[in-house]
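Listed below are the residues making up each chain.
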Amino acid sequence: MDNRPIGVFDSGLGGLTAVREILNIMPQENVVYFGDTGRVPYGTRSRETILKYAAQDMAFLRSKDVKLVIAACGTVSSVAGALGDALPVPYTGVVRPTALASCLATRNGKIGVIGTTATIRSGSYRRAIHALDKHLSVFEQDCPLFVPLVENDFYHPDNPVPRLVAERYLAPLKQAGVDTLIMGCTHYPLLRETIQQVMGPQVVLIDSGRETAACAMELLRKENALCESGETGRCSFFVSDSTEGFSKAASLFLDRDVTDNVSYIDIVEFAEAHAKTTESEA
């Protein structure tokens, strides 16, 4: 047993979809979440910038003595997975578990993938799917406006704006006849109802947050590192911008008041101090 927390990070609040699923299936676990709200979105950044941000985010979580790191971010999982694999604690991104779920779900062999521009450009989901079954057809579409819509509270299904955007982005995937659609960014499940309405009830939506949480539980079980059962875990949240807006969104999304558990961290200042400490120790 290991009562240290699980570390989760994302560019903003999208990673809360993974936290929600973690709390559903492992309510005894403690969670430390870092949302890099001051630098969101990652999906339009260069590869070099994404690697730098991801390394800083991971270092911050490691400073909290986490037992597992989850990159609850499709962009980081697609571009910076090697950084996570080099960590001294278990790590998972969202790509591998989500790709596996899509392969198991498809009936006609046509899988759609939506994600940030960086995720789609990387081809990570396509490679992961073909590594499992090279005969499957993969159709990819970047949706750069989805993250800003979610971050600015424009994700409710009765709002016409996300519906119009979704219809534009998803048209090629509907035309291709996909029967399974990977929501390859942890922000996207917040748009689930709108995406389902546009794609139709016959299309299976794969929630990257849900699949990643299930993968995390299996990793911890293999390491015999699950928390002792019986008590409800604690959650701590850190953001690199205003805590107020995040607290409100997180409280609504997780259906619990997190206001007193959200703190601001200057991630750039932390990264600089961490680099100096690492250099002096070397």
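Small disclaimer: the values here were computed from a predicted structure and weren't measured. (Residues numbered from 1 in each chain as written. Predicted model: local features only at pLDDT ≥ 70, side-chain atom pairs only at ≥ 80, totals over all residues. Heavy atoms only, no water.)

Visitor: Provide a residue-level description of empty space enclosed by the protein, including the pertinent values.
Guide: Counted according to the given criterion, the structure contains two cavities of 30 Å³ or more. Within this model, the largest cavity holds a volume of roughly 50 Å³. Taken together, Pro-41, Gly-43, Thr-44, Thr-116, Thr-117, Cys-143, Pro-144, Val-147 and Tyr-188 form the lining of the largest cavity. Of the voids in this model, the second largest cavity is the one considered here, and its volume is about 40 Å³. Every residue along the wall of the second largest cavity is listed here: Asp-10, Ser-11, Tyr-42, Gly-43, Cys-73, Thr-75, Thr-116, Val-147, Cys-185 and His-187. Considered class by class, the residues forming the lining of the second largest cavity number four nonpolar, five polar and one charged. (1 Å grid on protein atoms, 1.4 Å probe; cavity = no way out; pocket = protein on both sides within 12 Å on 5 of 7 lines; lining within 4 Å. Points joined across faces, edges and corners; volume = space filled by probe spheres on them. Nonpolar A, V, L, I, M, F, W, Y, C, P; charged D, E, K, R; others polar.)

Visitor: So, the pairing of strand S8 (residues 204-207): which residues are in play, and what are the values?
Guide: Across four bridges, the pairing between strand S7 (residues 180-183) and S8 is parallel. Counterpart to Leu-181 in the pairing with S8 is Leu-205. (Pairing = 2+ DSSP bridges. Helix = DSSP H or I, 4+ residues; strand = E, 2+ residues; numbered from the N terminus.)

Visitor: Tell me about the environment of Thr-106, and name the residues and values.
Guide: The residue Thr-106 is located in the loop between helix H5 (95-105) and strand S5 (110-115) in this model. Classification of Thr-106 as buried rests on a relative accessible area of 15%. With 12 residues separating them along the chain, Thr-106 and Ala-118 place their C-alpha atoms 25 Å apart. Contact partners of Thr-106, with chain neighbours within four places excluded, come to Ile-111, Leu-136, Asp-179 and Thr-180. At a separation of 3.0 Å, a polar atom in the side chain of Thr-106 contacts the main-chain amide nitrogen of Gly-109. (Buried < 20%, exposed > 50% of the residue type's maximum accessible area, 1.4 Å probe, protein only. Contact = heavy atoms within 4.5 Å. Polar contact = N/O pair within 3.5 Å; in protein donor to acceptor, adjacent residues only side chain to side chain.)

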